[in-house]
Amino acid sequence: MDCLNTGYKMRDEGKLLVTYGHDGAWDLDDQVDENRFTMEAWGAQMELRAIRRRNRNATEKTRAAGRPPHRQRTQTLRPGLAALGFGGVFAGTYLE
C-alpha cells in the first residue's frame, strides 16, 4: 500500500508520523500500530472515492438537466491522514 511505503520512508528518514485522531506518533515497527495505520489510510481513501463519485454523479445530473453550475467550491483538507495525501474528511469553503 502506498501510504504504508510513505510511512516507512518517513520513519527511515527519522521523521515522526503524526496524524489527527491518533495519540502521539505512529510506530510502524509495532504490528498493531502498523495495521491500524493501514486501515485508517484505507478508510480515508474509500471516503475520498465516495466523495468524488458523489460529486461526479451530481455534476452529471446537473448537466443532464441543463441547470447552470453552482458557485465554484474549493476543498480544504482537515489535518490527519489527509495531510499525507490520503484524502480524509473535507470541509468546503466557497470562493467569492
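You'll find the structure just up there.
What you see is a predicted model; the values in this text were computed from it and never measured. (Residues numbered from 1 in each chain as written. Predicted model: local features only at pLDDT ≥ 70, side-chain atom pairs only at ≥ 80, totals over all residues. Heavy atoms only, no water.)

Chemist: Before we move on, can you summarise the pattern of salt bridges with the specific residues and values?
Modeler: For the structure on display, the rule yields 5 salt bridges. Ionic pairing is found between Lys-15 and Glu-13, a salt bridge with its closest N-O pair at 3.2 Å. Lys-15 gets classed as partly exposed once you look at its relative accessible area, which sits at 49%. Here Glu-13 falls in the partly exposed class, since its relative accessible area comes to 43%. The partner of Arg-36 in a salt bridge is Glu-40, with the nearest N and O atoms 3.6 Å apart. With Arg-36 and Glu-40 both in helix α2 (residues 31–65), this residue pair falls 4 residues apart, about one helical turn. (Salt bridge = Lys/Arg side-chain N within 4 Å of Asp/Glu carboxyl O. Buried < 20%, exposed > 50% of the residue type's maximum accessible area, 1.4 Å probe, protein only. Helix = DSSP H or I, 4+ residues; strand = E, 2+ residues; numbered from the N terminus.)

Chemist: So, a positive patch on the surface: which residues are in play, and what are the values?
Modeler: The grouping of Arg-49, Arg-52, Arg-53 and Arg-56 at the surface amounts to a positive patch. Along the chain, the position of Arg-52 falls in helix α2. (Patch = residues over 30% accessible without salt bridge, like charges linked within 9 Å, V, L, I, M, F, W, Y side chains within 5 Å. Areas by Shrake-Rupley, 256 points an atom, 1.4 Å probe, with all protein chains shown as cover. Lys, Arg positive; Asp, Glu negative; His and termini not counted. Charge placed at Lys NZ, Arg CZ, Asp CG, Glu CD.)

Chemist: Break down the packing of aromatic side chains for me, citing the residues and quoting the values.
Modeler: Following the criterion strictly, the structure yields 1 aromatic pair and no others. Aromatic side chains Trp-26 and Phe-37 sit 5.3 Å apart centroid to centroid with 70° between the ring planes, which places their arrangement in the edge-to-face category. Linking Trp-26 in the loop between α1 (2–12) and α2 with Phe-37 in helix α2, this pair joins segments that are 11 residues apart in sequence. Relative accessible area serves as the criterion here: at 8%, Trp-26 is assigned to the buried category. (Phe/Tyr/Trp six-rings, centres within 6.5 Å; stacked < 30°, edge-to-face > 60°.)

Chemist: Quick rundown of the side chain of Asp-33? Include the residues and the values.
Modeler: Tracing the backbone shows Asp-33 in helix α2. It is Arg-36 that comes nearest to the buried, bridge-free Asp-33 among opposite-charge side chains, at 5.4 Å. Only 3.4 Å separates the side chain of Asp-33 from the side chain of His-22, close enough to count as a polar contact. Setting aside residues up to four positions removed in sequence, Asp-33 forms contacts with His-22, Ala-25, Trp-26 and Asp-27. (Polar contact = N/O pair within 3.5 Å; in protein donor to acceptor, adjacent residues only side chain to side chain. Contact = heavy atoms within 4.5 Å.)

Chemist: Run through α2, naming residues and quoting values.
Modeler: For α2, spanning 35 residues, the distance from its first C-alpha to its last is 51 Å, which sits close to the expected 51 Å at 1.5 Å a residue. Along α2, the residues that are buried comprise Asp-33, Glu-34, Phe-37, Thr-38, Ala-41, Ala-44, Leu-48, Ile-51 and Thr-62. Once α2 finishes, Gly-66 follows within two positions and takes phi at roughly 75°, a positive value. (Expected span 1.5 Å × (residues − 1).)

Chemist: With reference to specific residues and values, describe the nonpolar core.
Modeler: Core analysis: the largest hydrophobic core is formed by 8 residues, namely Cys-3, Leu-4, Met-10, Leu-17, Trp-26, Leu-28, Phe-37 and Ala-41. The dominant element in this core, judged by the number of residues it contributes, is α1, at 3 residues. (Core = buried A, V, L, I, M, F, W, Y, C linked by side-chain atoms within 4.5 Å.)

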